[in-house]
Every structure is written in structure tokens, then in C-alpha cells.
Amino acid sequence: MKMGAGLFWGAFLVLLGVSLVIKVVFNVDFPLVKIAIGAFFIFLGVKVLFGKVLIPEGKVGPHDTVFTEKVYNNPEKGKEYNVVFGKGVYDFTNVDLSHGDFHAKVGTVFGGSVIKIDENMPVRIDADAVFAGAELPDGNTAVFGSSHYRTDSYNPDSAALIIKVDVVFGGVQVVRR
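Note that this is a predicted model, so its numbers are computed, not measured.

Asker: Where do I start with the pairing of strand S5 (residues 102-109) in this structure?
Answerer: Note on strand geometry: in a regular strand, side chains alternate between the two faces of the sheet. The sheet contact formed by strand S3 (residues 80-84) and S5 spans five bridges and is parallel. Note on S5: the bridge partner recorded for tyrosine 81 is valine 106. Here S5 pairs with strand S11 (residues 161-168) via eight bridges, running parallel. When the sheet's bridge partners are listed, phenylalanine 102 is paired in S11 with leucine 161.

Written out as C-alpha cells, the structure reads:
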């Protein structure tokens, strides 16, 4: 069992879910949406408390991070990476641009992502955020809307690392190394 912040938030979410279910049940009015929300909070609280993956492994793709944390040291070209209720760390510092542009997409929903880039590599990042934060290396931040980042070495006519970032109710941080 986790201790500290995990224990607090897990217990909080379980109690919130149980209180929603009890309120709904004892009012004799059975709105299914409220029961579903309460059950979701109970599920989320139990997940935070015990740290077990409650989603079958076959349902999550190899590039998806759901209720866990993953580190991708060599992300693949042309792939889409998704984070849902978790954390993903993507290291793009060793990308090979000898075969042209390297495209990748990182989507984050109710989670966090860290994207590492080489400060000497030509990079273009287009970030879209909705009720979230996308922090780019030049200090630009997208909270609700779009933000763009290009390194000094970026040239549209030559090979570059191109990353599309979508974040909803979460946070993405792009750091130079």
C-alpha cells in the first residue's frame, strides 16, 4: 500500500465516491449517472491506494500509458503516444534525422508528460491545450488554445523532429537537454 500523498488522495477519492453513492441511494431517486460517477471515483481511489492495474493488459496498446508511468527512451517514428491518468516520459534526444522528418504525436488526458529534446536538433512542436498546461522550452505556455515552438536550427526545407502535442486536463512539459 502507498503512503503519503497517494494514501491521502486514494482515501479522498474513495470517500468521495462512497458519499456520492450513499447520497443517491438514500434519496431513493436512482439517477444512474450519479451512481456511475460515484463508482468511477471509488474505482479511481482504489487504484491510487493499491497501485494495481485494473484495466486488462490486452486493452492497452504498446504506446499507451493508462494508470501507470512509462519511459520511452527511443520513441518510434510516426507513432502516436497517449497518456491517460498516468505519466509518460519521452526522450527524443537520440532521434535519427538522416532519413527525413521524424514525426510523433503525444496526447495527454488527465495525466502528465515530459518530452525531452536535444537543444541542437532542428525541432518544431505544435501544442494544443484545453483546460491544461503545455509548457514549451522558450517559456510559451498553452492553457486553453495553441502554442508553437521552433528551435533556432529549424528550417522547413530540411529534416526535423516534428511533434504534435494535445493535452486535455493535464500537463505537458518540453525540456531541452
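Asker: When you look at the sheet that holds strand S10 (residues 145-150) in this model, what are you seeing that I'm missing?
Answerer: Where strands meet in a sheet, backbone hydrogen bonds hold them as pairs that are either parallel or antiparallel. If you walk across this open sheet you meet the six strands as S1-S3-S5-S11-S7-S10, and the pairing is mixed. Of all the strands in the sheet, the pair left with one neighbour each is strand S1 (64-66) and S10. Geometrically, the sheet is characterised by an average inter-axis angle of 10 degrees between neighbouring strands, direction not taken into account.

Asker: Explain the pairing of strand S4 (residues 87-91) to me, please; I cannot follow it from the model alone.
Answerer: Taking burial as the measure, the five residues of S4 include four buried ones, the bulk of the element. Where strand S2 (residues 69-72) lies against S4, four bridges are found, and the strand directions are parallel. By the bridge assignment, tyrosine 72 is partnered in S4 with tyrosine 90.

Asker: Help me out: how do you make sense of the environment of serine 153 in this one?
Answerer: Looking at the secondary structure, you find serine 153 in the loop between S10 and S11. Given the relative accessible area of 36%, serine 153 is considered partly exposed. Each C-alpha atom, one on serine 153 and one on arginine 124, is 9.9 Å from the other, the two residues being 29 residues apart in sequence. Sequence-distant contacts of serine 153, that is, excluding residues within four places in its chain, are made with Asn120, Met121 and Pro122.

Asker: What am I meant to see in the sheet that holds S2 here?
Answerer: Overall, mixed pairing links the six strands, which are arranged S2-S4-S6-S12-S8-S9 in an open sheet. Where the open sheet ends on each side, the last strands, each with one partner, are S2 and strand S9 (141-142). In terms of strand pairing, strand S8 (residues 133-135) meets S9 through two bridges, oriented antiparallel. Within S9, the residue paired with alanine 134 across the bridge is alanine 142.

Rules used throughout
- Residues numbered from 1 in each chain as written.
- Predicted model: local features only at pLDDT ≥ 70, side-chain atom pairs only at ≥ 80, totals over all residues.
- Heavy atoms only, no water.
- Pairing = 2+ DSSP bridges.
- Helix = DSSP H or I, 4+ residues; strand = E, 2+ residues; numbered from the N terminus.
- Axes fitted to C-alpha atoms, helices over the stretch in contact; angles between N-to-C directions.
- Buried < 20%, exposed > 50% of the residue type's maximum accessible area, 1.4 Å probe, protein only.
- Contact = heavy atoms within 4.5 Å.

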